[in-house]
Amino acid sequence: SMAKIISFSNQKGGVGKTTTCVNMSAFLAKHGKKVLLIDMDPQGNATTGLGFNKSAIKNSIYNVLIDDTPCKDVIIPTNIDRLDIIPAGIELAGAEVELVYIKDREKRLTEALKGITKYKMLYATSTIKEVRHVTRLFLPNILLIVIFLS
């Protein structure tokens, strides 16, 4: 069946999109759901919000999008049971420009996520337009929540 899509979006900054995403991820994990939070904000606030030092992270969603690093090699477990994260960092700010030169760039995240099947919930925070194509993602039994940041 098609993934169910829920989107928290607001063009205004500072309205709590990332905070909502982190809190909903933690809430669902605490209530038995296996959650993967995909931080796609170059500021990496979801990453730091879950207790990670961005400068200590070796691979991030940037490496998935630009270097073809498999998602499974980037996923980090958090201190909350059943909640994992694909972190983000400042290098993501240039990804949209770098993706201009990559064939089928609009499908990169969708393709990378196809192999991720153990999660019941996926959350994404994003400033990258390419994430909109994730809404076409076909993964059975997965709720995909896409957070578009501006």
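Residues numbered from 1 in each chain as written. Predicted model: local features only at pLDDT ≥ 70, side-chain atom pairs only at ≥ 80, totals over all residues. Heavy atoms only, no water.

What follows deals with the overall build of the protein chain. Secondary structure summary: the protein chain contains five helices and six strands in total. The buried share of the protein chain, reckoned over its 150 residues, is 48%. Put simply, of all contacts in the protein chain between residues at least 6 apart along the chain, 68% involve residues at least 24 apart. Of the accessible surface of the protein chain, which amounts to about 7,800 Å², a share of 52% is contributed by carbon and sulfur atoms. (Helix = DSSP H or I, 4+ residues; strand = E, 2+ residues; numbered from the N terminus. Buried < 20%, exposed > 50% of the residue type's maximum accessible area, 1.4 Å probe, protein only. Contact = heavy atoms within 4.5 Å. Areas by Shrake-Rupley, 256 points an atom, 1.4 Å probe, with all protein chains shown as cover.)

Moving on: the pairing of strand S2 (residues 35-40). Among the six residues of S2, six are classified as buried, and the element is accordingly described as predominantly covered. Burial of the side chains of S2 extends over both faces: Val35, Leu37 and Asp39 are buried on one face and Leu36, Ile38 and Met40 on the other. Inspection of the sheet shows S2 paired to strand S4 (residues 83-86) by four bridges, in the parallel sense. Following the sheet pairing, Ile38 is matched in S4 by Ile86. (Pairing = 2+ DSSP bridges.)

Quick look at unusual backbone geometry now. Its identity as a non-glycine residue notwithstanding, Asp68 has a phi of 60°, on the positive side. Counting through the fold element by element, Asp68 comes out in the loop between helix H3 (61-67) and strand S3 (76-77). The residue Arg82 is not glycine, and still its phi comes out positive at about 70°.

Formed by 23 residues in total, the largest nonpolar core has its most connected members in Leu36, Ile38, Ile61, Ile86, Leu92 and Ile116. The set of elements that each furnish at least two residues to this core consists of S2, H3, helix H4 (95-99), helix H5 (108-113) and strand S5 (121-126). Broken down by element, this core gets its largest block of residues, five residues, from H3. Once residues within four sequence positions are removed from consideration, Ile86 is found in contact with Leu36, Leu37, Ile38, Asp39, Ser60, Ile61, Cys71, Val74 and Ile75. Counting residues in each nonpolar core, the second largest holds 14 residues, with Val22, Ala26, Val35 and Met121 among its members. (Core = buried A, V, L, I, M, F, W, Y, C linked by side-chain atoms within 4.5 Å.)

The next thing to look at is helix H1 (residues 17-30). A rise of 1.5 Å per residue sets the reference length of H1, with its 14 residues, at 20 Å; its end C-alpha atoms lie 20 Å apart and thus fit the reference within 8%. For H1, the complete set of buried residues consists of Lys17, Thr18, Cys21, Val22, Ser25, Ala26, Leu28 and Ala29. The arc enclosing the buried residues of H1, seen along the axis, measures out at 165°, which places them on a common side. A positive phi of about 95° marks Gly32, the residue just after H1. (Expected span 1.5 Å × (residues − 1). Arc of directions from axis to C-beta.)

On to the confidence of the model for the protein chain, then. Counting all residues, the mean pLDDT for the protein chain is 78, and 75% of those residues have values of 70 or more. The secondary structure element of the protein chain with the lowest average pLDDT is strand S6 (residues 143-148), at 57, and the one with the highest is S3, at 96. Contacts of residues 135-141 to residues separated by more than four positions or lying in other chains number 20 contacts, the stretch itself having pLDDT below 50. (pLDDT = per-residue confidence, 0-100.)

A cluster of nonpolar residues, Val97, Val100 and Tyr101, forms a patch on the protein surface that exposes about 370 Å² of accessible area. In this structure, Tyr101 sits in the loop between H4 and H5. (Patch = residues over 30% accessible without salt bridge, like charges linked within 9 Å, V, L, I, M, F, W, Y side chains within 5 Å. Salt bridge = Lys/Arg side-chain N within 4 Å of Asp/Glu carboxyl O.)

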